[in-house]
Each structure stands twice: as C-alpha cells, then as structure tokens.
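So you can see what is in the structure, the chains are spelled out below.
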Amino acid sequence: MNDDKKPSDSSSVDTQHLIDLLDNNSDWVWEVDAQGRYTWSSKVVTSLLGVSPEEVIGCTPFDFMPPAEAERVGRAFSEIVAKRIPFSGLVNRNRRADGRIVVLETSGVPLFDDEGELRGYRGIDRNISTLGERVMQLETIYDTTPVALCMIDRQGRLVMSNKAMAQLMDDTLSDAPESHIADLMPGCWHQVLAAFALADTGADIPSREIVWRKRCYDTHSVPVHDASGNVVGLSVTWVDITERRRAEQKLASANAILQQHAQHDHLTGLFNRRYMDECLSNAITNALEEQFPLSVCLADIDYFKRYNDTYGHQAGDQCLRRVAEALVGARRQSEDNVSRYGGEEFLVILPRTDSAGALAMAERMRQSINALRIPLAASPTGYLTISIGIATLSECSMVTEDRPLHIIASGVINQADTALYAAKRRGRNGVVAAAAMQRA
C-alpha cells in the first residue's frame, strides 16, 4: 500500500471522474435554485442547445423556449414546485442557438436545505427530438380534440385531462391542485369503481350514459396498464350526446303522435276499427290459451241519420262524442275495450265475460245512453237510444277449435251483427244476445 497518496487526492480523482461522466453522458445534468435559475450545468448542454455551461448559469429553462412553450411549461413547473415533488417525463420544445428546435424530456428531484426548505431541483434533460415531435403532436391532438378525455388513477385522481374536459367541468380542474372525481362528480364515483372492478378481471367495460349538469354524455372507459400488466388507471372518453337524445325524444314523441292517429278515431278519441280488429284477434288468442270466455257487443245508434238530417252534422259529431264517453264510462273493468267501428257503430270487447255478464254489461251501456236524454224528435222515445247485439265465444267452444284466428274473429263479429239487427227488428232501444258460438 502506498502511504504517500493522500485521501484528498483520491477524493479529487473521484470527483473529476464523476464530472467526466456527467460531461460525456448523453443526458444533460443540471441544478436550478428555488427560482428556477441554473446554478450548475454539465457540458452536454452544448450539444443540446448550442451554448456553453457558463452561458446557461443564471438563466431559467424558459429562457431557451419559444414564448408559448415557456408559458405552458412554466405553468406545469410552478405546480410541481408548489407541491415540492419529483417529476419526470415533462416534454418541452427548446430553441437552440442556431435557431433549430430540439425536443427535450425533463425529469428532476427537489433539493432541500438543513431546515427543510426547498433550495432547488436537480435533474436531467434527454434529447427526444425524433420521438418528441410525435409525442408533442399527439399531446396537441389530445388537448385540442373536441371530445372530453381524461385519465383517472386508482385513487380517483384526474391525472390527465384535455381542454374539452376542463370545459365540461366548467374549468374547475385548473383551480384545484389535486382533482378527485369523487369530489368533482360524486354521482359518478361508484361507476368508476365498477369500471375498475371489471378491468381487474379482464372483462370489457360497457359504455355508460351519465347526466352531468343537465347534459347527457356517453362515457367509455379503457383500462391503462403499467409495465407489469397491472391496471393503474382508466382512460375515459366523454361524448356529449345531449342533442342526439333530444332528437330521439322528439322522434319518439312524433312516433307516439303518429301511433295515436293510427290507432284512434279522430272524432271520438276511441280506438278505430283497424286497431280494434288487432285487439280482437289478441283477445281471442288469450281467451283460447287461458280458457276463459270472451264476449263482444256491437252497438248502433238508433235513427242516427234522422238525427243528422234534423240537427246537422256538427250536432251529429257532438252526439257521437257524447255516446262514446257514455260507453267508456259504463265499463266495469279496465281491459274492456270500446272502439268506433264505423259511422254510428261501436264495438265493445269484453274479456273474461260470459253471455250473462255481457247481457248485463250491454244493458248497463244502453241505460247510460238513455240517461243522456239527447233530444231526437224522430225517435219514438223522443230522445236518442242505442241497440246492442252480443256474441260470446264460450268456454265449451274452445276445446276443439282449429279454425284460423281471423275466421274466428269474423264469426264473432257476424254473430254480434246478426243479434244487433234482431234488436233493431224488435223495435230498437234493446239488447239481443246470439247463441254461444259452437265449433263446427
């Protein structure tokens, strides 16, 4: 062992070796004070920015950036300094001494004095110009796209968001040092947790509609993984579908109106004949399947032509509306359907009603019209009356029935019509029931 070499000489050699390593590295190593001014720089700065280490001392990183870039990066660095935290991956454009643009990726760690006060940052800059321009372009696209985008970490923090997301949140994101989705949008937090649970299992995360501040958004979440494949966050897309939903609601309303017109008689508001034919087919199907009786009543206003000739068609229309209201009011169960079958004829479908029940119901309807006491001088009674014919599809006729449905429906209507004309021949203002239909 050579005792002549002093410890200080060894330390000096180690220091010089370290400096040589820093000066001949591919990364630029630097230190800044609490105000962001360079206090030390490795010689790599010359290859990156085209200036010597001595020329950067006392300057800030922003002195070498285009104005707009200096403003953007300055805001980001101010937030980092305020939190006194390490940072990495801060991509920024710098202008070299010869005017060319170089893209750097900056990382750093905070430095503290003995009292724990922040005295600056030590870090490195790496030249990523080839990749960096692409990264910057993607960041620009991400930030300026009209669709709201954000990334949420496992703790619910919004770690990344674009301008559209800030507008969605009414720019409250920029005011909060640390934004939590649970605080910003409490109603959405449970959906975020559900999305993370699905992501952890590898299952697809379904799109969800969220109403936020009276606007409707279609949200789609995609899991973000780390290098080990663990889910570390969610990338969420927010698409404003408010106008689409409003258009769909208007279309649905228009379709409902069309459906109303297609199914209802415009004068009385009752179901029309076309829709009632469909209702009768369905009622017969249910009766056959569930083995319960079904009756129909065909009602006709007596001497209605004379009423129109005497009082005019406007009075006739009003008369039809009053008769329709009275027939509906006479129903005893909500599933009884009343329709205007044509002209002054009305069809009433009575599910779960046998012949005796139909007779009672028809008599109730006849009396309800009599109670209106609508004057009609041409009638023997002096007021408006109706005649009603009844047909019943009896339980015993369902056992071996194999005829087509429309034939059965036609048969029921024909029997009710036959009974109606029998009531007319007997002097009107009466009720007649046809014999229960038997199978051929």
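In this text, all values refer to a predicted model and were calculated from it rather than measured experimentally. (Residues numbered from 1 in each chain as written. Predicted model: local features only at pLDDT ≥ 70, side-chain atom pairs only at ≥ 80, totals over all residues. Heavy atoms only, no water.)

## Describing the packing of helix α10 (residues 273–290) against helix α14 (residues 405–425)
Packed helices, taken two at a time, are described by their axes: the angle between them and the distance between them. Here α10 crosses α14 at 105 degrees, and the two axes come no closer than 10 Å. When the interaxial angle is binned, α10 and α14 end up roughly perpendicular. Note on element contacts: α14 touches α10 through Leu405, Ile408, Ala409 and Ile413, opposite Leu280, Ser281, Ile284, Thr285 and Leu288. Taken together, the residues of the contact of α10 with α14 break down into 7 nonpolar, 2 polar and no charged. (Axes fitted to C-alpha atoms, helices over the stretch in contact; angles between N-to-C directions. Helix = DSSP H or I, 4+ residues; strand = E, 2+ residues; numbered from the N terminus. Parallel < 35°, antiparallel > 145°, perpendicular 65-115°, else oblique. Contact = heavy atoms within 4.5 Å. Nonpolar A, V, L, I, M, F, W, Y, C, P; charged D, E, K, R; others polar.)

## A short note on the pattern of salt bridges
Taken as a whole and assessed by the stated rule, the structure comprises 22 salt bridges. The salt bridge involving Asp27 is made with Arg126; its shortest N-O contact spans 2.8 Å. Here Arg126 lies in strand β5 (residues 118–127) and Asp27 lies in the loop between α1 (7–23) and β1 (28–33), a separation of 99 residues in the sequence. For Arg126, a relative accessible area of 39% gives the class partly exposed. The partner of Glu243 in a salt bridge is Arg215, and the shortest N-O contact between them spans 3.6 Å. One end of the pair, Glu243, is in helix α9 (residues 242–263); the other, Arg215, is in strand β9 (residues 215–225), and 28 residues separate them in sequence. Taking the relative accessible area as the measure of exposure, Glu243 reaches 49% and is therefore partly exposed. Residues joined in a network through salt bridges with shared partners are Glu209, Arg244, Arg245 and Glu248. (Salt bridge = Lys/Arg side-chain N within 4 Å of Asp/Glu carboxyl O. Buried < 20%, exposed > 50% of the residue type's maximum accessible area, 1.4 Å probe, protein only.)

## Some points on α14
The terminal C-alpha atoms of α14 lie 31 Å apart, and with 21 residues this matches the ideal 30 Å at 1.5 Å per residue to within 8%. Looking only at α14, the buried set comprises Ile408, Ala409, Gly411, Val412, Ile413, Ala416, Ala419, Leu420, Ala422, Ala423 and Lys424. Two residues or fewer after α14 comes Gly427, characterised by a positive phi angle close to 115 degrees. (Expected span 1.5 Å × (residues − 1).)

## So, the packing of helix α12 (residues 313–329) against helix α13 (residues 355–370)
At their nearest, the axes of α12 and α13 sit 9 Å apart, and the two run at 140 degrees to each other. In terms of orientation, α12 lies oblique with respect to α13. Regarding α12 and α13, the two cross each other, and that crossing is right-handed. For the pair α12 and α13, the contacting residues are Val323, Ala326, Leu327 and Gly329 in the first and Arg364, Met365, Ser368 and Ile369 in the second. Taken together, the residues that form the contact of α12 with α13 break down as 5 nonpolar, 2 polar and 1 charged. (Left-handed = near helix turned anticlockwise from the far one by under 90°.)

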